[in-house]
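Here's the letter readout for the chains.
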Amino acid sequence: MEIKSLYEEYKQYFNVGTCVGVPHFNGNNTETELIKKHFNLLVAENCTKMMYIYRGLNDFNWKEGDDFVRFCQENNKLIRWHNFVWHAQTAPWIFLKEGVPVNMKDFFQNNINPADYASKELIEKRLQHYIQTVCDRYKGKIYSYDVVNECISDKLFALRTREDHSLWQEVMGPDYVSKAFLWAREADPDAELVINDYNLETIPQKRQAMFDFVKEQKSKGIPIDTIGLQMHINIFDSVPFIEETIEMFGKLGVNVIVTEMEISLYRFEEKEKKIIDADLLKVQADKYYECFEVFRRQAQKGILKDVVLWGVQDNHSWKNDFPVPGRGDAPLLFDKDGKPKPCFNAIVK
Ligand code: XIL
């Protein structure tokens, strides 16, 4: 029997997307075919992150970003840009005084000496230049940008600090978020600007912190159009809580999108490998079904716009090694051979 297209199935409600890796758009394999058939909105899994592109003020590496954008255009896919400001996969030189060498080990261990920080003005100039240069290159082609990624702390339920491995607030002050959004709006006035984070749909205090933060930003006229729920969830998470979150954010007058969804078979740091049998896959299928019912309802209410999954085939999911290296997982819609799993069949009838 012919397998129906996932995005066609939901066309009247929302776009359905996935992240893609370099081998998927620079090559042709089963997964490339699945991407073309089932998703109409794509985001690069890694190659558009600052660490890959921004090598120096006048040293941009466009190779894979260009290949990604070309692939999307040739296949008529909408494009999400991930991302401008994040504490991870960043370009450490951006924080440092001219001439101070980058030591990745120190950077990862949070050992940068504040005496080596560049001035606030220089860091702002570098960040604005980055946002402006990316937008100048791709303006008109990008549908949506993650302007700021993961800025809310899981410990403080406020903006991340250096203790949470983010130097942004430390070097630019708390209004770095506002500035990034203003620069992005100026550089590409027609695209959607997103603030994106994880655990918003699972942890009440983090959700509240994002709500309060966006409310404050909006009251100051900062152009945040949309809140992105990453939705790296698992089979134990509550679907009613997810729906409540979408409705709550909708009250701020912003749109809500799902940006990085997968449903893990494990609780976050669960270590023991599971036997992945039909019963377990049925539990996962039910969870996907319930989530997509919520998405459909919230799309009909005009709040939810897009749903993006974080990958296609289980064997290529980042969850195989995160947060427990080597444990494995099977959180996506297609198995290692690209065959639809019960969860795919639950959402595409
Ligand atoms: C992950 C990628 O999937 C991995 O390949 C990479 O090693 C680390 O980053 N939140 C995000 C994504 O915003 O960029 C992350 O992607 C997953 C968590």
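Placed above this text is the structure.
Residues numbered from 1 in each chain as written. Predicted model: local features only at pLDDT ≥ 70, side-chain atom pairs only at ≥ 80, totals over all residues. Heavy atoms only, no water.

### Points about the layout of surface pockets
Quantified by volume, the largest pocket comes out at close to 1000 Å³. Lining the largest pocket are 39 residues, with Trp86, Glu150, Tyr198, Trp318 and Phe322 positioned closest to its centre. Counting residues per element, the ones that place at least two in the lining of the largest pocket are helix H6 (104–108), strand S9 (232–234) and strand S10 (255–264). Here the residues of the lining of the largest pocket are counted per class, giving 16 nonpolar, 14 polar and nine charged. (1 Å grid on protein atoms, 1.4 Å probe; cavity = no way out; pocket = protein on both sides within 12 Å on 5 of 7 lines; lining within 4 Å. Points joined across faces, edges and corners; volume = space filled by probe spheres on them. Helix = DSSP H or I, 4+ residues; strand = E, 2+ residues; numbered from the N terminus. Nonpolar A, V, L, I, M, F, W, Y, C, P; charged D, E, K, R; others polar.)

### A word on the site of the ligand
In the region of the ligand, 13 residues are neighbours, and Glu45, Lys49, His82, Glu260 and Trp310 sit closest. Residue glutamate 45 places a side-chain N or O atom 2.4 Å away from an oxygen atom belonging to the ligand. Here lysine 49 contributes a side-chain N or O atom positioned 2.8 Å from an oxygen atom of the ligand. Considering the ligand on its own, with 420 Å² of exposed area, one finds that the protein chains cover 78% of that surface. Structurally, the ligand is housed in the largest pocket. Taken together, the residues of the shell around the ligand sort by class into three nonpolar, six polar and four charged. (Near = heavy atom within 4 Å. Polar contact = N/O pair within 3.5 Å; in protein donor to acceptor, adjacent residues only side chain to side chain. Areas by Shrake-Rupley, 256 points an atom, 1.4 Å probe, with all protein chains shown as cover. Sits in = over half its atoms within 2 Å of the grid points.)

### With respect to the nonpolar core
One finds Leu6, Phe68, Phe84, Trp168, Ile195, Met261 and Phe295 to be the most contacted residues of the largest nonpolar core, which totals 110 residues. A per-element tally of this core places helix H12 (residues 278–300) first, with eight residues. Contacts of methionine 261, omitting those with residues within four sequence positions, involve Gln230, Met231, Tyr288, Cys291, Phe292, Phe295, Val308, Leu309, Trp310 and Leu332. (Core = buried A, V, L, I, M, F, W, Y, C linked by side-chain atoms within 4.5 Å. Buried < 20%, exposed > 50% of the residue type's maximum accessible area, 1.4 Å probe, protein only. Contact = heavy atoms within 4.5 Å.)

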